[in-house]
Amino acid sequence: MLIKKPDGSYVFGFWSEGQIRALHLASLEILERVGVRVQDSEALRIFAEAGAFVDGDLVRIPAGMVRDALSGPPERVVLADRNGSRKVYLEPGKISFGAGCGQPYFMDPQSREIRLAEEKDAEKMAAMAQYAPNIDFVACLAGSRGSLADLCCFRAVRACCIKPVVVRAASSNNMRILLEMAAASAAGGRDGLRRNPSLAFVLKGEPPLIYDAETTRQIFLAAENGIPVVFAPVIIPGKTAPAKIIGSLALGNAAVLSGLVLHQLKHWGAPFIYGIEFAFCEGEHSSAAGPEVAMMQALAAQIAQFYGLPAWGSYGTTDSFAVDAQAGAEAIFFTLVAALGGANLAFGGGELGSGTVGSPAKVLFDDECISFTKHFLKGIELSEETLALEVIERVGPGGSFLAEEHTFRYFKKETWYPSFLNRKPLKTWLEEGIIKTIADLVSDRAAEVLETFNVEKLPDSVLAEMDRIIDKAGDGTLYTGGN
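Right, let's walk through the structure included here. What you are looking at is a predicted structure, and each value in this text was computed from that prediction instead of being measured. (Residues numbered from 1 in each chain as written. Predicted model: local features only at pLDDT ≥ 70, side-chain atom pairs only at ≥ 80, totals over all residues. Heavy atoms only, no water.)

## Quick look at the nonpolar core
Thinking step 1. Counting residues in hydrophobic clusters, the biggest one holds 121 residues, and the most contacted among them are Phe-47, Ile-61, Phe-154, Phe-201 and Tyr-274.
Thinking step 2. What Phe-154 contacts, discounting residues up to four positions off in sequence, is Cys-140, Val-165, Leu-178, Met-181, Ala-182, Ser-185, Leu-199 and Met-466.
Thinking step 3. In terms of nonpolar packing, the next biggest core, distinct from the first, is built from 15 residues, Leu-90, Ala-139, Val-202 and Val-230 among them. (Core = buried A, V, L, I, M, F, W, Y, C linked by side-chain atoms within 4.5 Å. Buried < 20%, exposed > 50% of the residue type's maximum accessible area, 1.4 Å probe, protein only. Contact = heavy atoms within 4.5 Å.)

If you want it as structure tokens, here you go:
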């Protein structure tokens, strides 16, 4: 639905500001009445000293602490590429799209076989993200070396992609190591990384309202180092939250606010990105591509805007395990909802099967969906020039506009031209003989790109330093450098 703003303009949204405020108050009630469980002594001490009510490991957070915490983070967050150039602006009215890489499984673009992901597959996904013009950042998580998977994936991504990186650390120790690897591979070293961060961390409180020692330490590390953190508790209605969407939102929002309070108590003013990850259980499988998920994601983005915080979201989401009609319908729908809903940092490009399978071909398909959506969001400009009344008068009734200078000036700007979606007439399509589906086209192109595309390489010395850091971690040495 469209919400009318005070200035008379309209924006897409489900709720008015009054409804969002009511949900905010419900979340404050959860934090004051129910509280959160904190399993870290330092966090308990910080909460108690700030005025929270601490009873064993149960912490009840007064509304005033939430209000103070909301005044801390910047309303905009900027991510740089590995060369130090500021590229991704997370601020009102702007959305950046990212490609995932290193899901547990990988689909080969040539054979279309789905298999367990390997380290080289993270390189392929990162290279594809670098190639795709509408992909702004790359997200990494999995790999093939157990507890070192996040480190190996980051190394692979950094080597094959210049764009900003978003990563989920396997542990607080690995987060320290990732910070060192990022400083070693980014322009300006550690100081440059803090001034123009080229990575952000994702933290997922699961289950919500529980802060184990690892989650707490990662919150502290991100805050201390000034690295943006996406705090996105996982909410599963009917399992980890009430079955009704509104109750799940209230609980999820309370979880985000509690994380924000802890984050700001550790380092006031550190960058924080609001997020809630939703999924719905269908037996043992969790679906992330239904319309109810899209509604909750759009509402979460509205809530983030209400707080003046950058919003995490998802796009390109599909439950399908192939680039098929289902994937197409779900991907374009979620991409449009993310853009209209006001998400700033949108994840999900290149993912199949609710984020379990990484696909280079799907990266290209999602890039096409982003291009489609961006053109739609440009809207239609109303001006004397665009109305072209003088041109219409000059051509006259029944005349042709083909030779008009106005036509040459605007026709390419007004029309969207796809790379893969069909715009051919039937005769041409039939004359080509071999009829290819969209899956064939993006798979063929992905295989070609991976064979021929060259990324600006990192110096051998930088790659060697990152390898040294990973090898040190592999020896079982607990990293103690830096913060």
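## Comments concerning the environment of Glu-113
Thinking step 1. Note on placement: Glu-113 falls in the loop between strand 9 (105-107) and strand 10 (114-116).
Thinking step 2. Not counting residues within four places of it along the chain, the set of residues in contact with Glu-113 comprises Phe-106, Met-107 and Asp-108. (Helix = DSSP H or I, 4+ residues; strand = E, 2+ residues; numbered from the N terminus.)

## Overview of the packing of aromatic side chains
Thinking step 1. All chains considered together, the criterion is met by ten aromatic pairs.
Thinking step 2. Relative to Tyr-315, the ring of Phe-97 has its centre 4.8 Å away and its plane inclined at 75°; by these criteria the two rings are edge-to-face. Pair noted here: Phe-97 is in strand 8 (residues 96-101) and Tyr-315 is in the loop between strand 21 (312-314) and helix 11 (325-341), with a separation of 218 residues, a long-range link.
Thinking step 3. For Phe-97, a relative accessible area of 1% puts it in the buried group.
Thinking step 4. Ring plane angle 45° and centroid distance 6.1 Å describe the contact between Tyr-274 and Tyr-307, whose orientation is recorded as tilted. (Phe/Tyr/Trp six-rings, centres within 6.5 Å; stacked < 30°, edge-to-face > 60°.)

## With respect to the packing of helix 10 (residues 291-307) against helix 11
Thinking step 1. Where helix 10 contacts helix 11, the axes come no closer than 9 Å and their chain directions differ by 20°. Judged on the interaxial angle alone, helix 11 and helix 10 are roughly parallel. Helix-helix and strand crossings are classified by hand; for helix 10 and helix 11 the assignment is right-handed. From helix 10, Pro-291, Val-293, Ala-294, Ala-298, Ala-301, Gln-302 and Gln-305 reach across to helix 11, where they touch Phe-333, Phe-334, Val-337 and Gly-341.
Thinking step 2. Split by residue class, the contact of helix 10 with helix 11 holds eight nonpolar, three polar and no charged. (Axes fitted to C-alpha atoms, helices over the stretch in contact; angles between N-to-C directions. Parallel < 35°, antiparallel > 145°, perpendicular 65-115°, else oblique. Left-handed = near helix turned anticlockwise from the far one by under 90°. Nonpolar A, V, L, I, M, F, W, Y, C, P; charged D, E, K, R; others polar.)

## As for a nonpolar patch on the surface
Thinking step 1. Judged by side-chain polarity, Leu-382, Leu-387, Leu-389, Ile-392 and Phe-401 come together as a nonpolar surface patch covering roughly 520 Å² of accessible area.
Thinking step 2. Mapped onto the elements of the fold, Leu-387 is located in helix 13 (residues 384-387).
Thinking step 3. You can call Leu-387 partly exposed: its relative accessible area is 46%. (Patch = residues over 30% accessible without salt bridge, like charges linked within 9 Å, V, L, I, M, F, W, Y side chains within 5 Å. Areas by Shrake-Rupley, 256 points an atom, 1.4 Å probe, with all protein chains shown as cover. Salt bridge = Lys/Arg side-chain N within 4 Å of Asp/Glu carboxyl O.)

## Remarks on the sheet that holds strand 3 (residues 36-38)
Thinking step 1. The strand order 4-5-3-14 describes an open sheet built from four strands, whose pairing is mixed. At either margin of the open sheet sits one strand with a lone partner, and together these are strand 4 (53-55) and strand 14 (210-211).
Thinking step 2. Taken together, the two bridges between strand 3 and strand 14 define a ladder with parallel strand orientation. Residue pairing across strands places Arg-37 opposite Ile-210, the latter belonging to strand 14. (Pairing = 2+ DSSP bridges.)

## Looking at the sheet that holds strand 10
Thinking step 1. The four strands are arranged 10-9-24-23 in an open sheet whose pairing can be described as mixed. Looking at strand neighbours, the two that pair on one side only are strand 10 and strand 23 (351-352), the edges of this open sheet.
Thinking step 2. When strand 9 meets strand 24 (residues 357-358), the two strands line up parallel, connected through two bridges. What sits directly across from Phe-106, in strand 24, is Gly-358.

## What to know about the pairing of strand 7 (residues 86-90)
Thinking step 1. Alignment of strand 6 (residues 77-80) against strand 7, held across four bridges, turns out to be antiparallel. Pairing of Val-77 across the sheet is with Leu-90, part of strand 7.
Thinking step 2. Where strand 6 folds back onto strand 7 in an antiparallel hairpin, the turn is made up of five residues, including Gly-84, whose phi is positive at roughly 90°.

## Some thoughts on the side chain of Thr-335
Thinking step 1. Turning to its location among the elements, Thr-335 is positioned in helix 11.
Thinking step 2. Of the residues examined, Thr-335 reaches a relative accessible area of 0% and is grouped as buried.
Thinking step 3. Of note is the side chain of Thr-335, whose polar atom sits 3.4 Å from the backbone nitrogen of Gly-316.
Thinking step 4. Beyond its immediate sequence surroundings of up to four residues, Thr-335 is in contact with Phe-97, Tyr-315, Gly-316, Cys-369, Ile-370 and Thr-373. (Polar contact = N/O pair within 3.5 Å; in protein donor to acceptor, adjacent residues only side chain to side chain.)

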